[in-house]
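Architecture and fold: a report
Take a look at the letters that make up each chain.
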Amino acid sequence: GQQVMQIPQYQHVQEGEDFTTYCNSSTTLSNIQWYKQRPGGHPVFLIQLVKSGEVKKQKRLTFQFGEAKKNSSLHITATQTTDVGTYFCAERSNTGKLIFGQGTTLQVKP
Amino acid sequence: NAGVTQTPKFQVLKTGQSMTLQCAQDMNHEYMSWYRQDPGMGLRLIHYSVGAGITDQGEVPNGYNVSRSTTEDFPLRLLSAAPSQTSVYFCASSYSGGRTDTQYFGPGTRLTVL
């Protein structure tokens, strides 16, 4: 069935280092949504990508959608302790179902 | 707007007990869904509803029932709790089931089944 694979599962970085998480699919994705979940919290929507090759930025966060629409990435420049949490990618199907990747948990050492 | 609310926040059950997790939203959203979150497995869809009176199964529906009698409420029922249902449960809603719609999540219910 529909699967979205996300890597890495965990990432520990020193504050100020960059961080990237990748989302891959064997099939063409119609869209990608990215969510952030703080420890003990709930997922919060960050952004959505729809177009092939699309790049969107939110301050230090850069989101990309692959040219073939089979992969996506989230890159954080110069991480801060406030970036700690789990980042999920997800595809929204035409029936409204949101299929999540396994998530990447980011730890930032001050 | 309160957004998406869930009760209770925490619950401990014994094997075989039943209970209902409550979910309500005040944004007049048509689409509502339930997810469970387990370590290393992301969020998995249990059941969803595209509007009042309409429900359908997600990836992991066994052991759970839902109903949608109003637009606002979407309760999740565990008829006979099992230890495998120990998890964090999130309710979510969106304006419709459209591909571009944002999902809004509730704060979650942390359930332990002994």
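Figured I'd write up the structure that's included with this text. (Residues numbered from 1 in each chain as written. Chains lettered and ligands numbered in written order. Predicted model: local features only at pLDDT ≥ 70, side-chain atom pairs only at ≥ 80, totals over all residues. Heavy atoms only, no water.)

Describing the side chain of Arg44 of chain B
Stated precisely, the cut-off is as follows: Where helices and strands are cited, they refer to DSSP runs of H or I of at least four residues and of E of at least two residues respectively, numbered from the N terminus. What makes two residues a contact is simply this: any of their non-hydrogen atoms within 4.5 Å.
Relative to the helices and strands, Arg44 of chain B resides in strand S5 (residues 43-51). When residues no more than four places from it in sequence are discounted, the contact partners of Arg44 of chain B are Trp34, Tyr35, Arg36, Asp38, Glu59 and Val60 of chain B.

A short note on the interface of chain A and chain B
What counts is decided by this rule: The term buried area refers to how much accessible surface (probe radius 1.4 Å) is lost by two components on association, counted for both of them together. Put simply, a salt bridge is a Lys or Arg side-chain nitrogen that is within 4 Å of an Asp or Glu carboxyl oxygen. The term polar contact refers here to a pair of N or O atoms within 3.5 Å; inside protein, the definition further demands a hydrogen-donor-capable atom paired with an acceptor-capable atom, and it admits residues adjacent in sequence only when both atoms are side-chain atoms. When residues are sorted by character, Ala, Val, Leu, Ile, Met, Phe, Trp, Tyr, Cys and Pro go into the nonpolar class, Asp, Glu, Lys and Arg into the charged class, and all the rest, Gly among them, into the polar class.
Contacts between chain A and chain B engage 24 residues on the former and 25 residues on the latter. Of the roughly 1900 Å² buried where chain A meets chain B, counting both sides, 51% is carbon and sulfur surface. Three residues stand out in chain A for area buried against chain B, namely Arg92, Lys97 and Phe100 of chain A, and they jointly supply 27% of the buried area on that side. The tally of links between chain A and chain B comes to zero salt bridges. Counting across the interface, chain A meets chain B through eight residue pairs in polar contact (both at pLDDT 80 or more). Looking at the side of chain A that touches chain B, the elements with two or more residues in it are strand S4 (32-37), strand S5 (44-49), strand S9 (85-92) and strand S10 (98-100) of chain A. In the side of chain A that touches chain B, the residues fall into seven nonpolar, 15 polar and two charged.

Comments concerning the nonpolar core
The line we're drawing: We call a set of buried Ala, Val, Leu, Ile, Met, Phe, Trp, Tyr and Cys residues a nonpolar core when their side-chain atoms join them within 4.5 Å. Only protein chains enter the calculation, and the probe is 1.4 Å; a residue is then buried if its accessible area is under 20% of its type maximum, exposed if over 50%, and partly exposed in between.
Counting 20 residues, the largest nonpolar core has Trp34 and Phe63 of chain A as the members making the most contacts within it. Secondary structure elements with two or more residues in this core: strand S3 (19-24), S4, S5, strand S7 (61-65), strand S8 (71-76), S9 and strand S11 (104-109) of chain A.

Description of the pattern of salt bridges
Residue and element names in this part refer to chain A. Applying the stated rule across the entire model yields four salt bridges over all chains. Between Arg60 and Asp83 there is a salt bridge, with the nearest N and O atoms lying 2.9 Å from each other. Of the two residues, Arg60 sits in the loop between strand S6 (55-58) and S7 while Asp83 sits in the loop between S8 and S9, which places them 23 residues apart along the sequence. Using a relative accessible area of 5% as the deciding quantity, one classes Asp83 as buried.

Side note on the pairing of S5 of chain A
Residue and element names in this part refer to chain A. The following threshold applies: Pairing between strands requires that DSSP locate at least two bridges from one strand to the other.
In this sheet, S5 lies alongside S4 in antiparallel orientation, the contact comprising five bridges. Across the sheet, the residue bridging to Trp34 is Ile47, located in S5. What sits between S4 and S5 in their antiparallel hairpin is a turn of six residues, with Gly40 showing a positive phi close to 80°.

As for the sheet that holds strand S8 (residues 76-78) of chain B
Residue and element names in this part refer to chain B. We count it as follows: A fitted line through C-alpha atoms serves as each axis, taken over the contacting stretch for helices, and the angle formed by two N-to-C directions is quoted from 0 to 180°.
What the four strands build is an open sheet, ordered S1-S3-S8-S7; its pairing is antiparallel. Of all strands in the sheet, those with a lone pairing partner are strand S1 (4-7) and strand S7 (64-66), marking the two edges. Between one strand axis and the next, the sheet turns through 20° on average, direction left out of account. With three bridges connecting them, S7 and S8 associate as antiparallel partners. Paired with Asn65 across the strands is Arg77, a residue of S8.

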